[in-house]
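# Fold and contact review
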Amino acid sequence: MQNIVEIRDLKKSYKGGFEALKGVDLDIREGEILALLGPNGAGKTTLISTICGITTSTSGSVTVGGHDIVNDYRAARSMIGLVPQEINLEPFERVINTVRFSRGLFGKRGDDAAIEKVLKQLSLWDKKDSQIRELSGGMKRRVLIAKALSHDPRVLFLDEPTAGVDVELRKDMWDVVAGLKADGVTIILTTHYIEEAEAIADRVGVIAKGELMLVEEKNTLMARMGQKELEVQLTEPISEVPMLLQSDALRLSDDGSALIYTYDTRAERTGITKLLSDVAKEGLVLRDVVTRQSSLEEIFVNLVNNGDNAEDAA
Ligand SMILES: Nc1ncnc2c1ncn2[C@@H]1O[C@H](COP(=O)(O)OP(=O)(O)OP(=O)(O)O)[C@@H](O)[C@H]1O
C-alpha cells in the first residue's frame, strides 16, 4: 500500500521551550483508518495541527501526497480535510451554504454536484436548507465533516470525533467513518477511547508525551488481547516442570511456586481441562488459580507509564 502522508523526525517546541512533539516518524497508508490514542496533552492535536498547517513545526518534515507541507503548502493542504474537536458553526447559517463556503475557502469553484454528493454521503441532503441551530448535536458533527470534505480532500483528520457523545451517536459516527473509507478517503482520528480504535481502526498508534510509542495493525494488537495467562499456584514450590506438564505454553514462576500457562481465549480448545487433570496426576496440590488478560487498554497504560518511568530515570 502506498503512503499518502510521510512524517519524518517531526519536532515541535512551543514558546517557553515546551516540547510537544519529540521527533515523530510515521507513514500513513493510503485508504487506511489510523487511530491515534493518547492521554490528554500527549501531543495528538499538535501533530494534526502541524500536518494541516495550523501550527508550524520546529524541525522535521511532512509530505502529503508527495507535497511538502511547507514548500508546497497549497497542494498539500488541498488534499487535507480537518474536522476540529469543537463545534464552531454559525447558528443561523443554512447547512448547504456553510458547506459551500468551506469549499470556496479552498479556492475551489462552486460545484453544486460536489456539494450534493457530500451532503448525501453524510445523510444531510434533506437538511440542506435547515439552519444549523435547528440540528441535533449528531447532525452538527456531520456538518463539520461535510465542511471538511467540501473540497474533495483525500485525507481526513478527525480530532476526537466522539468526545462527550452518547453511545448511539458514537456508533453513528463510526458508520460515517466506515462509509468514507469505502469511498477511498484516508482517515486519521484521535481518540481517548480504546473501544473506538478497536471498532474502526485498521492501525493503532499510541502517542504519549510527544512521542509515538507504537504503531501496529489493530488485528495484531487484538491477537495479543486474545492471549490469557492462567496461573496455577501450588502449596509446595517445585524446582522444575514435571514431565507430563512440559509444553511451550507452560513455564514455572521464578520462585517455583506457580505454573504459568498461556492460552488463546478464542481457540476451540484452550487446554485448561487437560492441564488441570495433568497437574492432579502429577500429585501437585493447588493453592489457588488466577487468570490474567492482556488487553489493548493494558498495553496502552503500560506504554504510557513506561514513558513516565523513562522520563523519571532521565
Ligand atoms: N499554543 C500552545 N502553547 C504552549 N503549549 C501548548 C500549546 N498548545 C498545546 N500546548 C501543550 O502541548 C502539549 C500537547 O498538547 P496537545 O493539545 O497536542 O495534546 P493532545 O494530545 O491533543 O491532548 P487532548 O487529548 O487533551 O486534546 C500539552 O502539554 C499542551 O499544554
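If you look the chain up in an unreviewed UniProt entry, it shows as ATP-binding cassette domain-containing protein from Sulfitobacter sediminilitoris.

Attention now moves to the site of the ligand. Tyr14, Phe18, Ala20, Gly38, Asn40, Gly41, Ala42, Gly43, Lys44, Thr45 and Thr46 make up every residue found near the ligand. A class-by-class count of the residues in the shell around the ligand yields four nonpolar, six polar and one charged.

Little of strand β14 (residues 286-293) sits inside the fold, with zero of its eight residues counted as buried. Judged from the seven bridges that link them, strand β11 (residues 227-234) and β14 form a sheet pairing that is antiparallel. By the bridge assignment, glutamine 233 is partnered in β14 with aspartate 288.

In this model, the chain carries an average pLDDT of 88, and 93% of its residues clear a pLDDT of 70 or more. At the low end of the mean pLDDT range in the chain sits helix α10 (residues 296-313), at 59; at the high end sits strand β1 (residues 3-13), at 97. Here residues 310-314 scores under 50 on pLDDT; set against residues more than four positions off or in separate chains, the count is one contact. In the model output, the complex is listed with pTM 0.78 alongside ipTM 0.93.

We now examine the environment of glycine 81. Its place among the elements puts glycine 81 in strand β6 (residues 80-83). On a C-alpha basis, the gap between glycine 81 and alanine 148 in space is 4.6 Å, while along the polypeptide they are 67 residues apart. With residues near it in sequence (within four places) discarded, glycine 81 still touches Ala148, Leu149, Pro153, Leu156 and Phe157.

Among the secondary structure elements, threonine 56 is positioned in the loop between α1 (44-51) and β4 (59-64). Of the residues examined, threonine 56 has 10 C-beta atoms within 10 Å and is grouped as exposed. As a C-alpha pair, threonine 56 and valine 204 span 148 residues in sequence and 25 Å in three-dimensional space.

Ordered in space as β6-β7-β8-β3-β9-β10, the six strands form an open sheet in which the pairing is mixed. Two strands in the sheet have a free side with no partner beyond their single neighbour: β6 and β10 (211-217). Averaged over all neighbouring strand pairs, the angle between strand axes comes to 15 degrees, with direction disregarded. Of the pairings in the sheet, the one linking strand β7 (residues 155-159) to strand β8 (residues 186-191) comprises five bridges and is parallel in character. Among the inter-strand pairings, valine 155 is bridged to a residue of β8, identified as threonine 186.

So, on to the packing of helix α3 (residues 95-105) against helix α5 (residues 137-149). Relative orientation of the contacting elements α3 and α5 amounts to 35 degrees, with a least axis distance of 7 Å. The crossing of α3 and α5 is right-handed. Facing α3, whose interface residues are Val95, Thr98, Val99 and Ser102, α5 presents Val143, Ala146 and Lys147. Of the residues assigned to the contact of α3 with α5, the class counts are four nonpolar, two polar and one charged.

This paragraph deals with the environment of lysine 218. Along the polypeptide, lysine 218 turns up in helix α8 (residues 218-225). Counting along the chain gives 141 residues from lysine 218 to arginine 77, while the straight-line C-alpha distance between them is 28 Å.

Okay, α3 next. Those residues of α3 not exposed but buried are Val95, Ile96, Val99, Ser102 and Arg103. Seen end-on, α3 carries its buried residues on one side only, within an arc spanning 125 degrees. Check the buried side of α3 and you find it contacts α4 (112-121) and α5. Directly beyond the C-terminal end of α3, a positive phi value near 75 degrees is found at glycine 107.

Trans is the prevailing form of peptide bonds, just as negative phi is the prevailing case for residues other than glycine. Phi angles above zero are rare outside glycine, and aspartate 9 is one such case at about 45 degrees. Here aspartate 9 is to be found in strand β1. We classify aspartate 9 as partly exposed; it has 13 C-beta atoms within 10 Å. Even without glycine at this site, aspartate 152 takes up a positive phi of about 55 degrees. Among the structural elements, aspartate 152 can be located in the loop between α5 and β7. For aspartate 152, a count of 16 C-beta atoms within 10 Å corresponds to the partly exposed category.

This paragraph deals with the pairing of β11. In this structure, β11 lies alongside strand β13 (residues 258-264), joined through seven bridges in antiparallel fashion. In the sheet register, glutamine 233 faces β13, and the bridge partner there is alanine 258.

Thresholds, definitions, all that
- Residues numbered from 1 in each chain as written.
- Predicted model: local features only at pLDDT ≥ 70, side-chain atom pairs only at ≥ 80, totals over all residues.
- Near = placed C-beta within 6 Å.
- Nonpolar A, V, L, I, M, F, W, Y, C, P; charged D, E, K, R; others polar.
- Buried ≥ 20, exposed ≤ 12 C-beta atoms within 10 Å, placed from the backbone.
- Helix = DSSP H or I, 4+ residues; strand = E, 2+ residues; numbered from the N terminus.
- Pairing = 2+ DSSP bridges.
- pLDDT = per-residue confidence, 0-100.
- Contact = placed C-beta atoms within 7 Å.
- Axes fitted to C-alpha atoms, helices over the stretch in contact; angles between N-to-C directions.
- Left-handed = near helix turned anticlockwise from the far one by under 90°.
- Arc of directions from axis to C-beta.

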